[in-house]
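Close look at the chain arrangement
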Amino acid sequence: MATALFKLTLKELQGLFTSGDVGAIDIARSYLLRISQVESKVKAYITMPEREQVLQEADTIDASLKQWRKTQPLMAMPLAIKDNICTTGIRTTCGSTMLEHFIPPYNATVVAACREQQFLFMGKTNLDEFGMGSSTEHSVFGPSRNPWNLECIPGGSSGGSAAAVAADECVAALGTDTGGSIRQPAACCGVVGLKPTYGRVSRYGLVAFASSLDQIGPITKSVTDAAILLNVLAAHDPRDSTSSDQPTPDYTRFVKKKDVKKLTIGVPKEFFSEGLDPEVEQHVQAAIEEFKELGGTIKEISLPTTEWAIAAYYIIATAEASSNLARYDGVKYGYRTKERKGLLEMYRQTRAEGFGSEVKRRIMLGTYALSSGYYDAFYGKAQSVRTLITRDFDSAFQDVDFLVTPVMPTPAFPLGEKLQDPLQMYLSDMYTISASLAGLPAISIPCGFSRAGLPIGLQLMGRPFEESTILRAAYAYEQATQWRKKRPPIR
Ligand code: GLN
């Protein structure tokens, strides 16, 4: 029985553990076996603990339980952490040469919160360098693979986390989302990914990409699991000045109802236009029908500024990135070139050797957008567009409770397909970026499969701090459909 534990959801595994039917050691063994079977194909992890270390952690949990029968939601649960979230004593690479050997002296607030619960640490997952990308191909450690088709991308930038969950190499994972990096890989890999409202989860200890957009959130096998993990992550943190002090509800309260009665669902017409793959559209439309069956009222709405979202995002995100990444100069920490030709040359060489081409492209774009003479034309303009996008959502949410859209314009594409064409890669985020710019909570849940057998995601976006509504609706949909029961072949 122990070998099949890796197939269970967090909620199911927790049930068995809390009732005493399985010990932490059984869980650890099951997952270590699974990882030994599939990780060489999926390549979800950058850094993994030694086998002995996992077993020892599990032993410690089992031993302490003998005297102390109380369990916490994450106790003994195998968790993976995206490798841009700081972990004490465990290297945090951001998928970059720049931080390849960086060992943080502190835990991110979210890691500390999970540690307190005594989860089982399974490893640090692969990502596009500093979170910049949509395919996990921009990692200096090489791409992760999609468990549904190993020749396809797992999405990005949290591709390692989504692939690890889909391939049962952990029961849940932490991802980060700046413009779609939780939702988009969740859609590609057929799992659940929740980007919380900006400010809901502490960013302390998350290596910054674009600080006004970055959020940490759960990637899980079910909507209930996302609520369980969000309960652990969501809290006010005095160490993050953008962290909200709004009270956090118990999110598991909202994953109980199997209908969406009394809810009005907005369908923004701009999200169903040119560029949307017909198969994706068909599944999303079928999902909208399902919401009607579940008692919801469907309303077509318009978000006219949607067409400017990508342009605004790629100015704002790159501008912030160019500033955040200025700290990597070979002096304070991280990579330093071997060249010794004076200070300025050392800076130059360090950055030339330490960053990959996508990161350099963004630093150049962002620096340009911020430079004097261009600031108003680019950065100022993008900020105005951001305000308009937020207003569009505000007025939509006067009439509807949440929005339903696709997550990605296409299912996962083959590895290498968009690598040489950055613009095409940026377009993969066209449906996820608006919620990021407006700081809204948004969830991706599976809503079907393409004829080629690749998962398709459905996005639900809610009002700020109303994770409750999208969790409720996502749960009702999940219960009414069978998508989550299908498993990836991994071959
Ligand atoms: N794909 C987007 C980008 O490349 C979003 C990345 C993210 O959310 N971290 O910027």
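Above this note sits the structure.
Before going into details, it helps to say that this report is about the structure given with it. Computed from a prediction, not measured in an experiment: that's the story for all the values here. (Residues numbered from 1 in each chain as written. Predicted model: local features only at pLDDT ≥ 70, side-chain atom pairs only at ≥ 80, totals over all residues. Heavy atoms only, no water.)

**Describing unusual backbone geometry**
Each neighbour pair has its own omega, and for Gly156 with Ser157 the value is 5 degrees, a cis peptide bond. As for its position among the elements, Ser157 is in the loop between β3 (120-125) and α5 (159-166). The backbone phi angle of Phe465 is positive, close to 65 degrees, even though this residue is not glycine. As for its placement among the helices and strands, Phe465 is situated in the loop between β11 (455-462) and α15 (467-480). Look at Phe465 and you get partly exposed, because its relative accessible area is 25%. (Helix = DSSP H or I, 4+ residues; strand = E, 2+ residues; numbered from the N terminus. Buried < 20%, exposed > 50% of the residue type's maximum accessible area, 1.4 Å probe, protein only.)

**Details of the side chain of Ser135**
Within the secondary structure, Ser135 sits in the loop between β3 and α5. Residue class for Ser135 comes out buried when judged on its relative accessible area of 0%. A polar contact of 2.7 Å, which involves the side chain of Ser135, links it to the side chain of Glu137. Setting aside its immediate chain neighbours within four residues, Ser135 contacts Asp128, Ile153, Pro154, Gly155, Gly156, Phe413 and Met425. (Polar contact = N/O pair within 3.5 Å; in protein donor to acceptor, adjacent residues only side chain to side chain. Contact = heavy atoms within 4.5 Å.)

**Looking at the side chain of Ser157**
Judged by its relative accessible area of 1%, Ser157 falls in the buried class. The residues contacting Ser157, other than those within four sequence positions of it, are Lys82, Asn126, Leu127, Asp128, Gly131, Met132, Gly133, Thr136, Thr176 and Ser181.

**Let's talk about the site of the ligand**
Taken together, the neighbourhood of the ligand is formed by 15 residues, with Thr178, Gly179, Ser181, Tyr313 and Arg362 sitting nearest. In this structure, Ser157 approaches the ligand through a side-chain N or O atom, which is 3.4 Å from a nitrogen atom. Separating an oxygen atom of the ligand from a backbone N or O atom of Gly180 is a distance of 3.3 Å. In terms of residue class, the shell around the ligand is made up of four nonpolar, eight polar and three charged. (Near = heavy atom within 4 Å. Nonpolar A, V, L, I, M, F, W, Y, C, P; charged D, E, K, R; others polar.)

**Some points on the packing of helix α7 (residues 223-233) against α15**
Taken N-terminus to C-terminus, the directions of α7 and α15 make an angle of 155 degrees; their axes are 9 Å apart at the nearest point. Classified by the angle between their axes, α7 and α15 sit roughly antiparallel to one another. In this structure, α7 contributes Val223, Thr224, Ala226, Ala227 and Leu230 to the contact, and α15 contributes Glu467, Leu471, Ala474, Tyr475 and Glu478. Residue composition of the contact of α7 with α15, grouped by class: seven nonpolar, one polar and two charged. (Axes fitted to C-alpha atoms, helices over the stretch in contact; angles between N-to-C directions. Parallel < 35°, antiparallel > 145°, perpendicular 65-115°, else oblique.)

**As for the environment of Arg451**
Mapped onto the elements of the fold, Arg451 is located in the loop between β10 (442-449) and β11. Note on Arg451: relative accessible area 73%, which makes it exposed.

**Regarding the sheet that holds strand β4 (residues 172-177)**
With respect to topology, 11 strands assemble into an open sheet ordered β1-β3-β2-β4-β6-β5-β10-β11-β9-β7-β8, the strand pairing being mixed. At either end of the open sheet lies a strand with only one pairing partner, and these are β1 (45-47) and β8 (297-301). With strand direction ignored, the average angle separating the axes of adjacent strands in the sheet is 30 degrees. Where strand β7 (residues 264-268) and β8 come together, five bridges link them in parallel fashion. If you follow Ile265 over to β8, its bridge partner there is Ile298. Against the sheet, α7 contacts β2 (78-82), β4, β5 (192-195), β6 (215-220) and β10, and its axis sits at roughly 145 degrees relative to β6. (Pairing = 2+ DSSP bridges.)

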